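# Secondary and tertiary structure notes
In case you want the letters, here they are:
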Amino acid sequence: MNNPIVKTKLPNIKNIIIVASGKGGVGKSTVAAGLALSMAMEGFSVGLMDADIYGPSIPTLFNLHNQQPSVSEMNGKPLMEPFIKFGIKIMSIGFMIDPSQAMLWRGPMASNGLKQLINDTNWGELDYLVIDTPPGTGDIHITLLQQYEINGAVIVTTPQTIALDDVRKAITMFHSEHVGIPVFGIVENMAWFTPSKHPDEKYFLFGKGGGDILSDSTGIPLIAQIPVNENICGVCDEGRLNELFNDNTVKSGFDNLLKGILKFQAEMSK
């Protein structure tokens, strides 16, 4: 007889949300960080964990290069203290490794590193823990989905139809009978380019309609379209994430993302 999988319920963390995509380069880390920032600005206690073992981006987004977390002891167990920026508790595998070196970790080592990152961090009381995951549907996702109680996922795509097949694979993973994790909605990142000085103009540099196509074919709502402008790259590369919402169209996109998640959870709790 097969032993049932017993998932870990993290103490003092009410909700865990995965940000995922089968495709690389769609801006998952920026979406995850922006979602966490939106939550913090709305008064939620929120943590952000960078689970992209092979390409951690969160240290860059928050200007935390070459930082190492301090360690404290709680009930006889050593715990890493997350960094706190803009009201967000932040932990990343990038704090543990030399960013100039390639991560030569096989699946079991990566999974163990992930579990240590989650279990041995002093998250405290959180309303939400947002987890930024790597591209694909590999060991990191399997570990998270099999070992922890995940409340739901946000799927990130870009408008190009070339991205959609890979993104559909991620959706299939979450809807698998062996996983059964709800998908809150689809986020179309880089939906269009709007110059900051001309907020009424839209240029569809990366294609158009991919989010709608994905939504129509999967039945999952498109809950947010997030545009890009000429300032976002500098804001992210220089760790000035607090300036991300200076552009009202960008802020509106992330507001819609948070509203979509909260609406989904409210309907599920009825």
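Our subject in this report is the structure included herewith. (Residues numbered from 1 in each chain as written. Predicted model: local features only at pLDDT ≥ 70, side-chain atom pairs only at ≥ 80, totals over all residues. Heavy atoms only, no water.)

### A look at the sheet that holds strand β7 (residues 126-132)
Strand pairing in a sheet relies on backbone hydrogen bonds. The paired strands run either parallel or antiparallel. Spatial strand order, β5-β6-β2-β7-β1-β8-β9-β10: eight strands in an open sheet with mixed pairing. Only two strands of the sheet have a single neighbouring strand rather than two, namely β5 (83-85) and β10 (222-228). The sheet shows a mean angle of 25° between the axes of neighbouring strands, taken without regard to direction. Where β5 and strand β6 (residues 88-92) come together, three bridges link them in antiparallel fashion. Looking at the pairing, Lys85 lines up with Ile88 of β6. Each of β8 (152-157), β9 (183-193) and β10 is contacted by helix α6 (residues 210-218), which is oriented at about 160° to β9, the strand it contacts most. (Pairing = 2+ DSSP bridges. Helix = DSSP H or I, 4+ residues; strand = E, 2+ residues; numbered from the N terminus. Axes fitted to C-alpha atoms, helices over the stretch in contact; angles between N-to-C directions. Contact = heavy atoms within 4.5 Å.)

### Regarding the packing of helix α5 (residues 164-175) against α6
Following both chains from N to C, one finds α5 and α6 inclined at 40°, their axes separated by 11 Å at the closest point. With respect to α6, the axis of α5 lies oblique. For the pair α5 and α6, the crossing hand works out as right-handed. When α5 is examined against α6, the residues Leu164, Val167, Arg168 and Ile171 are found in contact with a partner set consisting of Gly210, Ile213, Leu214, Ser217 and Thr218. Residue classes in the contact of α5 with α6 are distributed as five nonpolar, three polar and one charged. (Parallel < 35°, antiparallel > 145°, perpendicular 65-115°, else oblique. Left-handed = near helix turned anticlockwise from the far one by under 90°. Nonpolar A, V, L, I, M, F, W, Y, C, P; charged D, E, K, R; others polar.)

Keep in mind these values describe shape, not function.
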